[in-house]
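Here is what each chain is made of, one letter per residue.
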Amino acid sequence: MQHIIVDLEFIPVSDRTLRRKCKNEVIEIGAVKLDENYKYVDIFDIFVRPEYSLMTGMITNLTGITENDILTAPAFDEAMDKFSQWIGYEKYRIYQWSDNDREQIISECTAKGLELKYDEFFCKHWIDLQRLYGRISGIFRPVSLEKALDSLSIEVRGRMHRARDDAENTASILQVIRNRSEFDSRFVPIINIMNIQTHTSTLGAILGDKLAEIYKLVEAS
């Protein structure tokens with residue numbers, strides 16, 4: 001079982017007609033591949049040329065991605081094919097921080113008539129790591145990737161809101177989550193500092209069955 005951690009960057013669709021089906025278009029796919037022991041294997045990064053959207057200054061300021069980066073990049077279908085080929089045929093699970101990226105791929109595939117091509121690939125193998133992090137930590141509200149890294153004393157790599165860097169950072173969280181002793185040692189000192197309200201009053205109660213459950217989900221084949 002290999003573990004694929006993916007992150008997307010996208011921009012708002014300019015075409016009003018298409019926007020009814022798909023609000024955004026992907027402009028970068030970044031992913032990290034870990035082996036069955038959660039050890040680093042490879043990284044994937046590709047810019048994607050949008051078909052119905054124009055690059056804006058706001059997106060460039062947020063991501064660092066420019067018009068030149070995407071001007072000659074492959075279109076969504078070709079980029080997705082390259083991503084699928086990179087994953088390969090070995091059994092896998094795909095992880096993301098929140099469910100937004102999976103929903104984006106589904107909506108963009110639907111809008112561009114590609115849903116049958118990628119339906120099984122992206123609907124049956126995805127795990128929302130943000131949600132599982134919340135269940136383990138007992139935190140009520142969704143936590144940003146940056147806050148989650150801080151809560152586990154993981155140093156941010158690269159630039160936030162770049163797909164490749166965000167995928168690497170998310171992979172670091174997965175590597176900690178799957179190791180109970182490391183999660184304990186990292187998360188315990190941060191609870192009081194962050195003053196986060198949790199479901200229960202003690203760390204032992206927070207972790208208990210929830211951590212056992214996440215281990216089962218992550219290890220499931």
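These figures come from a predicted structure and were not determined experimentally.

1. Remarks on unusual backbone geometry
As a rule of thumb, non-glycine residues mostly have phi less than zero, and peptide bonds are mostly trans rather than cis.
Point 1. Here the phi dihedral of Ser153 falls at roughly 55°; this positive angle occurs in a residue that is not glycine.
Point 2. By the element assignment, Ser153 lies in the loop between helix H8 (145-151) and helix H9 (163-177).
Point 3. The exposure class of Ser153 is partly exposed, given its relative accessible area of 48%.
Point 4. A positive phi angle, close to 70°, is found at His161, a residue other than glycine.

2. Regarding the environment of Gly113
Point 1. Its location among the elements puts Gly113 in the loop between helix H5 (100-111) and helix H6 (115-123).
Point 2. Judged by its relative accessible area of 57%, Gly113 is exposed.
Point 3. On a C-alpha basis, the gap between Gly113 and Asp77 in space is 10.0 Å, while along the polypeptide they are 36 residues apart.

3. Overview of the layout of surface pockets
Point 1. Quantified by volume, the largest pocket comes out at close to 450 Å³.
Point 2. Along the walls of the largest pocket sit 18 residues, with Asp7, Leu8, Glu9, His161 and Asp166 positioned nearest its centre.
Point 3. Contributing elements (two or more residues each) for the lining of the largest pocket: strand S1 (2-12), helix H2 (57-63), H5 and H8.
Point 4. If you tally residues by element for the lining of the largest pocket, the top one is S1, at four residues.
Point 5. Broken down by class, the residue content of the lining of the largest pocket amounts to seven nonpolar, six polar and five charged.

What counts and how
- Residues numbered from 1 in each chain as written.
- Predicted model: local features only at pLDDT ≥ 70, side-chain atom pairs only at ≥ 80, totals over all residues.
- Heavy atoms only, no water.
- Helix = DSSP H or I, 4+ residues; strand = E, 2+ residues; numbered from the N terminus.
- Buried < 20%, exposed > 50% of the residue type's maximum accessible area, 1.4 Å probe, protein only.
- 1 Å grid on protein atoms, 1.4 Å probe; cavity = no way out; pocket = protein on both sides within 12 Å on 5 of 7 lines; lining within 4 Å.
- Points joined across faces, edges and corners; volume = space filled by probe spheres on them.
- Nonpolar A, V, L, I, M, F, W, Y, C, P; charged D, E, K, R; others polar.

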